[in-house]
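# Structural features, examined
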Amino acid sequence: MKALVIEKFGGTEVMEWKEISKPMPQAGEIQIQVEYAGVNPVDWKIREGLVKHMFPCHFPLILGWDAAGTVSAIGEGVEGVTVGDRMMAYCKKKVVQWGSFAEYVCMEAQHCCLIPSKLNTAQAAAIPLVALTAWQALFDFAKVKAGDQVLIHAGAGGVGVFAVQLAKWAGATVYSTASSQNHAFVENLGADEVIDYNFVDVGEKIKERAPGGLDFVFDCAGGTAHAQAYDILKPGGALVSIVEPIKKELALEKELRACCLVVRPNGEQLQKVLDLIESGKIQAAPIEEIPIDQIVKAFDQSKKGHTKGKIVLKIT
Ligand SMILES: NC(=O)c1ccc[n+]([C@@H]2O[C@H](COP(=O)([O-])OP(=O)(O)OC[C@H]3O[C@@H](n4cnc5c(N)ncnc54)[C@H](OP(=O)(O)O)[C@@H]3O)[C@@H](O)[C@H]2O)c1
């Protein structure tokens, strides 16, 4: 098969679309013929070796963690899946090696979901990693519930699109941050107020709006967004960062529940998100489709940090 392979960490020059052996499904796994693969910032972070302390990497390494396509082979012991089914998955494994920027990828069947009829394959590829991140931050850790006041940073980005919608669906009052050109978009996702972090002191604005403190801050941006979080949460409030380590002493001093989350595959949670999409309660992210032979463009765009929704690669 053809795949986007790196033999060492580095810039875009280390990537090569080349022939490599096809992964075959182990017991409990399915093999997906990948039509579209979602691009996440972690993909270029892995390529550059920026997260090698977090994720063990083996070379030759195929980049990519999100996949959508058609089931092409089924491993021993997998039930309820047929060759030809349209499926999607967050394909992270213990070791980073066999990714989704490839004609074929294998993943544990329990973490794969059928693509709902409402979605095309490109839209499906944009969902798994970011939707699971939002779900695990909001519901596994923060336990967001009706009446909570929450701040979701980077509401127009991949994770933010789902976090804003899921928080609203749960009944929270949702504040979010975005550049002004994305305000209407994030409001349309359900945010009650969107703050332009480029020109407004977000911490001060939140203190005006919620003088008693917030229940939850979701830090998808880092830097000032992270630093201010400790001052705008109420005691007992929850802080989840997906970009920066928690300042543990400060969290303790402010009586916060805080964690730096690393998203895990979870087929049941992904199915819950897909059910919400299918029933019209939330919507899929807008996508920009880029062919795999323009992977450099896709990564350059992602690195700029202003993706609206998601970038997906057309693989086959
Ligand atoms: N730990 C984990 O498990 C995990 C999981 C998923 C993602 N992540 C990380 O979380 C971050 C977000 O992921 P993503 O997929 O949502 O990225 P993304 O789609 O690239 O996010 C782009 C968005 O970030 C916004 N943004 C940029 N700088 C900002 C700032 N200072 N304050 C507020 N918003 C800002 C931009 O908004 P405007 O264009 O409106 O300015 C843009 O819409 C990335 O660093 C990613 O690697 C970690």
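Per chain, residue numbering runs from 1 following the sequence as it is written. With the structure being a predicted model, the display of local features is reserved for residues of pLDDT at least 70 and the display and counting of side-chain atom pairs for 80 or more, all residues being used for whole-chain, interface and lining totals. Note: side-chain values were computed over all heavy atoms of the structure, leaving out hydrogens and water.

## Overview of helix α7 (residues 224–232)
Any residue under 20% of the maximum accessible area for its type is buried, any over 50% is exposed, and the rest in between are partly exposed; the area is computed with a 1.4 Å probe on protein chains only. Secondary structure is summarised from DSSP: a helix means a run of H or I of at least four residues, a strand means a run of E of at least two, and numbering begins at the N terminus for each. Taken together, the buried positions of α7 are Ala225, His226, Gln228, Ala229, Tyr230 and Ile232. Along its buried surface, α7 packs onto β10 (149–152), α6 (202–209), β13 (214–219), β14 (233–241) and α8 (248–253). Throughout, a residue-residue contact means that at least one pair of heavy atoms, one from each residue, lies within 4.5 Å.

## Some thoughts on the sheet that holds strand β2 (residues 15–19)
Whether two strands pair comes down to DSSP finding at least two bridges between them. Pairing in this open sheet of four strands is mixed, and the strands run β2-β1-β4-β7 from one edge to the other. Since the sheet does not close on itself, it has two edges, and those belong to β2 and β7 (96–98), each with one partner. The average angle at which neighbouring strand axes cross in this sheet is 40°, direction not considered. Here an angle of 0 to 180 degrees is reported between the N-to-C directions of two axes, which are lines fitted to C-alpha atoms, with helices fitted over the stretch in contact.

## A few points about the domain arrangement of the protein
Domain boundaries shown here were taken from an automatic or database domain assignment. We note that the domain assignment places domain 1 (2–127 + 286–314) and domain 2 (130–260) within the protein. Across the contact, ten residues belong to domain 1 and twelve residues belong to domain 2. Put simply, buried area is how much 1.4 Å-probe accessible surface two parts lose in total, over both of them, once they are put together. Across the domain 1/domain 2 interface, buried area totals approximately 760 Å², and carbon plus sulfur atoms make up 62% of it. Of all residues in domain 1, Ile127, His306 and Lys308 bury the most surface against domain 2, accounting for 50% of the area lost on that side. One speaks of a salt bridge when a side-chain nitrogen belonging to Lys or Arg is within 4 Å of a carboxyl oxygen belonging to Asp or Glu. Inspection of the region where domain 1 meets domain 2 yields zero salt bridges. Side-chain atoms alone can form a polar contact between residues adjacent in sequence; in general such a contact is a pair of N or O atoms within 3.5 Å, and within protein one must be able to donate a hydrogen while the other accepts it. Where domain 1 meets domain 2, there are four residue pairs in polar contact (both at pLDDT 80 or more).

## A closer look at the sheet that holds β10
Spatially, six strands are ordered β12-β11-β10-β13-β14-β15 in an open sheet, and the strand pairing comes out parallel. The sheet terminates laterally at β12 (193–195) and β15 (257–260), the two strands that pair on one side only. Each adjacent strand pair in this sheet contributes to an overall mean axis angle of 15°, direction not counted. Where β13 meets β14, five bridges bridge the pair, whose relative direction is parallel. Along β14, the bridge assignment pairs Val217 with Leu239. Packing against the sheet, helix α3 (residues 128–141) makes contact with β13, β14 and β15, and its axis sits at approximately 155° to β13. The sheet strands contacting helix α4 (residues 158–169) are β10, β11 (173–177) and β13, and the helix crosses β10 at an angle near 170°.

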